Amino acid sequence: MKTILLIFTGGTISMSYDKVVSKSVVHDNHDELLKKVAAKIENVNLESIIYSLVPSPSITPNDMLEIGKLIEKKFATKNISGVVITHGTDTLEETAYFLDLFLNEKKPVVLTGSMRNFDEVGYDGFSNLVSAILVALSPESNNRGVLVCLNDEINSAVEVMKTHTLALDTFKSLEFGPLGLVDEKTVIYYRDATYEKEHIKPTELDKRVEIIKVVSGEDGKIIDFYINEKVSGIIIESLGRGNVPKIMVPQIKKALKHNISVVITSRCPMGLVRDTYAYEGGGYHLKNLGVLSGGSLASEKARLKLMAILSLNLDPKDFFSYN
Ligand code: ASP
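The rules behind each value
Residues numbered from 1 in each chain as written. Predicted model: local features only at pLDDT ≥ 70, side-chain atom pairs only at ≥ 80, totals over all residues. Heavy atoms only, no water. Helix = DSSP H or I, 4+ residues; strand = E, 2+ residues; numbered from the N terminus. Rg over C-alpha atoms; globule rule 2.2 N^0.38 Å. Buried < 20%, exposed > 50% of the residue type's maximum accessible area, 1.4 Å probe, protein only. Contact = heavy atoms within 4.5 Å. Areas by Shrake-Rupley, 256 points an atom, 1.4 Å probe, with all protein chains shown as cover. Lys, Arg positive; Asp, Glu negative; His and termini not counted. Charge placed at Lys NZ, Arg CZ, Asp CG, Glu CD. Phe/Tyr/Trp six-rings, centres within 6.5 Å; stacked < 30°, edge-to-face > 60°. Lys NZ or Arg CZ within 6 Å of the ring centre and 35° of its normal. Pairing = 2+ DSSP bridges. Axes fitted to C-alpha atoms, helices over the stretch in contact; angles between N-to-C directions. Near = heavy atom within 4 Å. Polar contact = N/O pair within 3.5 Å; in protein donor to acceptor, adjacent residues only side chain to side chain. Nonpolar A, V, L, I, M, F, W, Y, C, P; charged D, E, K, R; others polar. Right-handed = clockwise from strand over helix to strand, strands pointing away. Arc of directions from axis to C-beta.

> Honestly, the overall build of the protein chain in this entry has me stumped. Any pointers?
Looking only at helices and strands, the protein chain has eight helices and 16 strands in total. Whereas a compact globule of 323 residues would reach a radius of gyration of roughly 20 Å, the protein chain reaches 21 Å, a difference of no more than 12%. For the protein chain, the spread of C-alpha atoms along the three principal axes comes to 60 × 45 × 35 Å. Split into buried and exposed, the 323 residues of the protein chain put 52% on the buried side. Within the protein chain, residue pairs in contact and separated by at least 24 positions form 73% of the contacts whose partners lie at least 6 positions apart. Total accessible area on the protein chain is roughly 14800 Å²; 49% of this is exposed by carbon and sulfur atoms. Within the protein chain, one finds 37 positive and 41 negative side-chain charges whose respective centroids are separated by 3 Å.

> Explanation requested: the packing of aromatic side chains in the structure shown.
The description of an aromatic ring pair rests on the distance of the ring centres and on the angle between the ring planes. In this structure the tally under the stated criterion is four aromatic pairs. Ring centres of phenylalanine 225 and tyrosine 226 lie 5.6 Å apart, and the angle between their planes is 55°; on these two criteria the pair is classed as tilted. Residue classification places phenylalanine 225 among the partly exposed positions, given a relative accessible area of 43%. Between the aromatic rings of tyrosine 277 and tyrosine 279, the centroid separation amounts to 5.6 Å while the plane-to-plane angle is 45°, which identifies the pairing as tilted. We classify tyrosine 277 as partly exposed; its relative accessible area is 39%. For tyrosine 279, a relative accessible area of 42% gives the class partly exposed. The positively charged end of arginine 144 is found above the aromatic ring belonging to tyrosine 189, 3.6 Å away from the centroid. A cation sits over an aromatic face here: lysine 305 above phenylalanine 320, 4.6 Å from the ring centre.

> Honestly, the sheet that holds strand E13 (residues 209-213) in this entry has me stumped. Any pointers?
The strands that make up a sheet pair up through hydrogen bonds in the backbone, lying either parallel or antiparallel. Across the sheet, which stays open at both edges, the four strands sit in the order E13-E14-E15-E16 with parallel pairing between neighbours. In this open sheet, the two strands that pair with only one neighbour each are E13 and strand E16 (292-293). In terms of strand pairing, E13 meets strand E14 (residues 233-238) through five bridges, oriented parallel. Looking at the pairing, valine 209 lines up with glycine 233 of E14. Against the sheet, helix H8 (residues 299-311) contacts E13, E14 and strand E15 (261-266), and its axis sits at roughly 160° relative to E14.

> So what exactly am I meant to see when it comes to the site of the ligand here?
The local shell around the ligand consists of Gly11, Thr12, Pro55, Ser56, Pro57, Gly88, Thr89, Asp90 and Ser114. In this structure, serine 56 approaches the ligand through a side-chain N or O atom, which is 2.5 Å from an oxygen atom. For the ligand, an oxygen atom lies 2.2 Å from a polar atom in the side chain of threonine 89. Within the complex, the protein chains bury 86% of what would otherwise be the 260 Å² of accessible surface of the ligand. Of the residues belonging to the shell around the ligand, the class tally is two nonpolar, six polar and one charged.

> I would appreciate a short explanation of the sheet that holds strand E12 (residues 186-189) in the present structure.
Read across the open sheet, the eight strands follow the order E4-E1-E5-E6-E7-E8-E11-E12; overall the sheet is mixed. The sheet is open, and its two borders are formed by strand E4 (44-54) and E12, each paired with just one other strand. Pairs of neighbouring strands in the sheet enclose a mean axial angle of 25°, with direction left out of account. Here strand E6 (residues 109-112) runs beside strand E7 (residues 147-150); their pairing, made up of two bridges, is parallel. Opposite leucine 111, over in E7, you have valine 148 as the bridge partner. On the sheet, helix H1 (residues 30-40) packs against strand E1 (2-10) and E4 and is oriented at approximately 155° with respect to E4.

> Any chance you could explain the side chain of serine 131 here in plain terms?
Along the chain, serine 131 falls in helix H4 (residues 125-137). In this view, serine 131 contacts Cys149, Asp152 and Val182; residues no more than four positions away in its chain are not counted.

> Would you take a moment to explain the pairing of E6 for this structure?
Burial along E6 is two-sided: the residues Val109 and Leu111 and Val110 and Thr112 are all buried. The pairing of strand E5 (residues 82-86) with E6 spans four bridges and is classified as parallel. Counterpart to valine 83 in the pairing with E6 is valine 109.

> Help me understand the pairing of E14 in this model?
Looking along a regular strand, one sees the side chains alternate between the two faces of the sheet. Of all six residues making up E14, six are buried, and the element is well covered by its neighbours. Along E14, one buried face is formed by Gly233, Ile235 and Glu237 and the opposite face, lined by Ile234, Ile236 and Ser238, is buried too. Handedness of the crossover is the feature at issue here: the chain leaves E13, passes through helix H5 (residues 222-228), returns alongside E14, and the resulting connection is right-handed. Pairing between E14 and E15: six bridges, direction parallel.

> In this structure, what is going on with H1? I would like to understand it.
Helical geometry: 3.6 residues make up each α-helical turn, so side chains three or four residues apart lie on a common side. For H1, every residue scored as buried is listed here: His30, Leu33, Leu34 and Val37. Buried residues of H1 fall within an arc of 95° about the axis and therefore sit on the same side. In H1, the exposed positions that point more than 90 degrees away from the buried face belong to Asp31, Lys35 and Ala39. For H1, the elements touching its buried residues are E1, E4 and H4.

Written out as structure tokens, the structure is:
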């Protein structure tokens, strides 16, 4: 019989209504949930660990690192076929992406969560957890990197994002669609992920990286604060193809002079950052100043990747190139 390790971290999947204010709060529903899930899946041994019981805005990059180390240890010391992590949906894609970087594991690691709490009509935590376990049990899920499974859709950690504040089908790979789905009890894959696996394994995350979102008229004055705070990296979530207003350029130069790594991402949720424009503040101009490209990575994922690279004292140029 196969063993799947479940790691509970919290989030709406582990929430119910508070009796006084009738709003969602974390509540230990695990025994009940596990009993229901175990009755639906045959021939599986479910082991579980409660790593935390927190809403996911409280999950930190250090938690992600700890969860990565925990999974690595369990795979090395126990005969488990896969891991399922339950997580709040707000930062789920960040933890999934970090684990994808950190782990170099052939066996499946799947994240799931829910959009409705245990007390709500149509609680999706139960079906999402069952489907995620089925994904983790499927040999077809091997060598696919870390996966995210909600609403019966399987997405890659690198491609997926939360797109809707409420809808059950909130997790989407907007550009390429899901890798596959769970159809009743069958796990079906339609395609491979679009990226090459990167393996970056920090032992600690001790470098601070901040994100600046660019809007019209943005002057980048906030960079002075970050220089003062001694941050090691800045992700600039730029406009369109990877461009910033001209008035922001002197501030970017200042950051580079202070040895801060600057990586450009785009506020467009799809497409690559490229060096298409040569005007002041355009991608080509920024590239020549020494700014790096986040490619098609979302800003919050580029931040985690840069944190991991800088914490290992690796050169970000080797990981964020315009091409
Ligand atoms: N705010 C919640 C969290 O991320 C939402 C969820 O779990 O879906 O913990």
